[in-house]
Amino acid sequence: MSDTPFGFGLPPEEPENGDEGKKKDPTGGGQGSGGGQSGPGDPFGFGFPGAGGPGGDNPFAAMFGSLNPNDLGAAFQQLGQMLSYEGGPVNWDMAKQIARQTVAQGTQDGTKDASVGPAERSAVEEAMRLADLWLDGATSLPSGATSAVAWSRAEWVEATLPAWQQLVDPVAERVGTAMGDVLPDEMQAMAGPLIGMMRSMGGAMFGQQIGQAIGVLAGEVVGSTDIGLPLGPAGKAALIPLNVDAFGKDLGVPKDEVRLYLALREAAHQRLFAHVPWLRSHLFGAVDGYARGIKVDTTKLEDVVGQFDPTHPEQLQEALQQGMFQPEDTAEQKAALARLETALALVEGWVDAVVHDAAKNRLTSADALRETLRRRRASGGPAEQTFATLIGLQLRPRRLRDASRLWASLTDARGLDGRDAVWEHPDMLPTASDLDDPDGFVHREQLDFSEWDKMLGEAAQGRGEGGTGHGGGNSDGDKDDTDK
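Please read all numbers here as calculations on a predicted model, not as lab measurements.

Rules used in this analysis
Residues numbered from 1 in each chain as written. Predicted model: local features only at pLDDT ≥ 70, side-chain atom pairs only at ≥ 80, totals over all residues. Heavy atoms only, no water. Helix = DSSP H or I, 4+ residues; strand = E, 2+ residues; numbered from the N terminus. Buried < 20%, exposed > 50% of the residue type's maximum accessible area, 1.4 Å probe, protein only. Contact = heavy atoms within 4.5 Å. Areas by Shrake-Rupley, 256 points an atom, 1.4 Å probe, with all protein chains shown as cover. Phe/Tyr/Trp six-rings, centres within 6.5 Å; stacked < 30°, edge-to-face > 60°. Lys NZ or Arg CZ within 6 Å of the ring centre and 35° of its normal. Core = buried A, V, L, I, M, F, W, Y, C linked by side-chain atoms within 4.5 Å. Axes fitted to C-alpha atoms, helices over the stretch in contact; angles between N-to-C directions. Left-handed = near helix turned anticlockwise from the far one by under 90°. Nonpolar A, V, L, I, M, F, W, Y, C, P; charged D, E, K, R; others polar. Parallel < 35°, antiparallel > 145°, perpendicular 65-115°, else oblique. Salt bridge = Lys/Arg side-chain N within 4 Å of Asp/Glu carboxyl O. pLDDT = per-residue confidence, 0-100. Expected span 1.5 Å × (residues − 1). Arc of directions from axis to C-beta. Polar contact = N/O pair within 3.5 Å; in protein donor to acceptor, adjacent residues only side chain to side chain.

## Section: the overall build of the protein chain
(1) Moving on: Per the secondary structure count, the protein chain includes 21 helices and 4 strands.
(2) Moving on: In the protein chain, buried positions account for 49% of the 484 residues.
(3) Moving on: Across the protein chain, the fraction of contacts at a sequence separation of at least 24, relative to all contacts at a separation of at least 6, is 77%.
(4) Moving on: For the protein chain, the accessible area works out to roughly 22700 Å², and carbon and sulfur atoms hold 51% of it.

Structure follows, in structure tokens:
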């Protein structure tokens, strides 16, 4: 048995020669952002900036990278804030801070964030106005955007954090609870403060990782609905001009056409989420339903907790990066995953079909842009892969092409009104098996839920008018029988 309580180990006297030193890449490509190794001036193994600048693989470089190595007071203060956190499962204040710092560092191609100028703002507003005009002939759903906005990457971070919180908190809560459960019951009473520290550290670690992923994603997305979920405020159709330019850079397509095509997609998403009131909760509920079936790999977590060295908190960070989640291989979990993947595919497939219908005879590059975006959604980016590791879920519509073909077939068979009427009720949506047999779904007899709603409303009204005696329907029925 270890001489140290709970196996947490004391910090090595000479980190550069101990375990921490072994983790470092002697060439400077390891966890330290500056290529140096831990020493007296770097007591927590965070690494400070060198010639390569902050960032790299060191999970704390974004937080501490801008500090002077001699300014340890600020570093200790920030570490104290991390350990004293007593909020929810994710330290969202830290997530926001890290995301903004990641954005400020710029993307890998060297592009730095910048405020949106009047000309760019005007171009986005004009593209959204024209996009909504074109969509009027491609869908029966009216405009869903009350305003068109052009965001910088930092503004995208600010606007989408509430949605990320709703997505990530349920899974992070599982990790936080598991951290307190890995110690034996007889030890938990003695280790109360330690468990509190671990949970605070876990919230901070999740906040750091989520913030970093959101910051990277801010350099990839072009609007507020890129991942198929409504991340921004309701009614705000948004584009990020800097990322729109980067998206179209090597496509050989005029910049105005790229902007307009992306505006069509953003405006189509806005129509769907604005006029299908149950859709947002349906999608987020599918995510939550899948998350409830995820279990934490307690064996891995026990190893991390048992060997955790408080002076090297990046050990817990590395465990999060490797993933701790194991989806339950049960019928319920498989069904939850199928519901989520189908819902994402139906949203993206509808947008794909509607935008193609609106753009195919107006934009010469419509087909090329459509294929580019399909491949982009199918493959996902680095930040999306990070979220898959953190929350055990890939937010990708695996059957986008199948869903798009189904919506196109519905348009041919039922027209715009008939196709869009499928969104009236969640029970009317195609299922995963319908994506396998789109013709069968297209020619199936339609269920008119509006009549059901009307009948239920009239029945409820009749019961209200009839009080505790016979309801309206029963009274009429009794009268008819009497007359006979």
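## Concerning the packing of aromatic side chains
(1) Moving on: Overall, the coordinates contain 2 aromatic pairs when judged by the stated rule.
(2) Moving on: Here Trp-407 and Trp-423 contribute two aromatic rings whose centre-to-centre distance is 5.2 Å and whose plane-to-plane angle is 15°, an arrangement assigned as stacked. Taken together, the residues Trp-407 in helix H17 (residues 400-420) and Trp-423 in the loop between H17 and helix H18 (432-436) connect sequence positions 16 residues apart.
(3) Moving on: When its relative accessible area of 0% is taken as the criterion, Trp-407 is described as buried.
(4) Moving on: Counting every residue linked through ring pairs, the aromatic cluster contains Trp-278, Trp-407 and Trp-423.
(5) Moving on: Positioned over the ring face of Phe-441 is Arg-414, at 5.8 Å from the centre of the ring.

## Some words on the nonpolar core
(1) Moving on: Core analysis: the biggest nonpolar cluster contains 88 residues, and Trp-92, Trp-156, Trp-164, Ile-214, Leu-279, Trp-350 and Trp-423 have the highest contact counts within it.
(2) Moving on: Setting aside residues up to four positions removed in sequence, Leu-279 forms contacts with Leu-272, Phe-273, Val-347 and Trp-423.

## Regarding the environment of Lys-236
(1) Moving on: Among the secondary structure elements, Lys-236 is positioned in strand S2 (residues 236-239).
(2) Moving on: Look at Lys-236 and you get partly exposed, because its relative accessible area is 33%.
(3) Moving on: Distance from Lys-236 to Ser-224, taken between C-alpha atoms, is 8.5 Å for residues 12 residues apart in sequence.
(4) Moving on: Not counting residues up to four positions away in its chain, the partners in contact with Lys-236 are Ser-147, Val-149, Ser-224, Glu-266 and Gln-270.

## Examining the packing of helix H11 (residues 279-292) against helix H14 (residues 331-359)
(1) Moving on: For the pair H11 and H14, the least separation of the axes is 9 Å and the interaxial angle reads 145°. By crossing handedness, the relation of H11 to H14 is classed as left-handed. Of the residues in H14, those touching H11 at Leu-279, His-282, Leu-283, Ala-286, Val-287, Gly-289 and Tyr-290 are Gln-333, Ala-336, Leu-337, Leu-340, Ala-343, Leu-344 and Val-347.
(2) Moving on: Tallied by class, the residues present in the contact of H11 with H14 amount to 11 nonpolar, 3 polar and no charged.

## Focus: the side chain of Asp-132
(1) Moving on: Note on placement: Asp-132 falls in helix H5 (residues 118-135).
(2) Moving on: If sequence neighbours within four positions are ignored, Asp-132 has contacts with Ser-143, Ala-267 and Arg-271.

## Thoughts on the packing of helix H10 (residues 255-275) against H14
(1) Moving on: Between H10 and H14, whose axes approach to 9 Å, the crossing angle comes to 130°. Here H10 lies oblique to H14, going by the angle between them. Note on packing geometry: the crossing formed by H10 with H14 is right-handed. For the pair H10 and H14, contact is made by Tyr-261, Leu-264, Arg-265, Ala-268, His-269, Leu-272 and Phe-273 and by Val-347, Glu-348, Trp-350, Val-351, Val-355, Ala-358 and Ala-359, respectively.

## As for the pattern of salt bridges
(1) Moving on: For the structure shown, the criterion picks out 19 salt bridges.
(2) Moving on: A salt bridge links Arg-129 to Glu-126; its shortest N-O distance comes to 2.7 Å. Remark: Glu-126 and Arg-129 occur in helix H5; sequence separation between them is 3 residues, near one turn of the helix.
(3) Moving on: A salt bridge links Arg-271 to Asp-132, with the shortest nitrogen-to-oxygen separation between them at 3.0 Å. Separated by 139 residues along the polypeptide, Arg-271 in helix H10 and Asp-132 in helix H5 bring together distant segments of the chain.
(4) Moving on: With relative accessibility at 1%, the residue Arg-271 sits in the buried group.
(5) Moving on: Given a relative accessible area of 15%, Asp-132 falls into the buried group.
(6) Moving on: Taken together, the salt bridges that share partners define one network made up of Arg-399, Asp-402, Arg-405 and Asp-436.

## Let's talk about the confidence of the model for the protein chain
(1) Moving on: When pLDDT is averaged across the protein chain, the result is 74; 56% of the residues are at 70 or more.
(2) Moving on: Here residues 1-67 is modelled with pLDDT under 50, and outside its nearest four sequence neighbours on either side it reaches 126 contacts, counting other chains as well.
(3) Moving on: Contacts for the low-pLDDT stretch residues 467-484, under 50 throughout, to residues beyond four places or in other chains number 5 contacts.

## Let's talk about the environment of Ala-432
(1) Moving on: Its location among the elements puts Ala-432 in helix H18.
(2) Moving on: Between the alpha carbons of Ala-432 and Ala-345 there is a distance of 9.6 Å; along the sequence they are 87 residues apart.
(3) Moving on: If near-sequence neighbours (up to four positions away) are discounted, Ala-432 is found in contact with Thr-342 and Arg-399.

## Considerations on helix H4 (residues 92-105)
It helps to recall that an α-helix has 3.6 residues per turn; residues three or four apart then point in one direction.
(1) Moving on: Given a rise of 1.5 Å per residue, 14 residues ought to cover 20 Å, and the 20 Å separating the end C-alpha atoms of H4 matches this to within 8%.
(2) Moving on: Listed as buried for H4 are Trp-92, Met-94, Ala-95, Ile-98, Ala-99, Thr-102 and Val-103. With its buried residues spanning 165° around the axis, H4 presents them on a single face. Facing away from the buried side of H4, by more than 90 degrees, are the exposed residues Asp-93 and Ala-104.
(3) Moving on: Sitting at the amino-terminal end of H4 is Asn-91, which places a side-chain oxygen 3.4 Å from the backbone nitrogen of Asp-93.
(4) Moving on: Gly-106 sits one or two residues past H4 and shows a positive phi near 90°.

## Section: the side chain of His-356
(1) Moving on: Along the chain, His-356 turns up in helix H14.
(2) Moving on: Among all residues touching His-356, those that are not within four sequence positions of it are Asp-367 and Arg-370.

## Some points on the environment of Trp-407
(1) Moving on: Residues Trp-407 and Leu-346, 61 residues apart in the sequence, show an inter-C-alpha distance of 8.4 Å.
(2) Moving on: Those residues in contact with Trp-407, other than ones at most four positions away along the chain, are Leu-346, Gly-349, Trp-350, Ala-353, Arg-419, Val-422 and Trp-423.
(3) Moving on: Here the side chain of Trp-407 touches Leu-346 through a polar contact of 3.0 Å, landing on its backbone oxygen.

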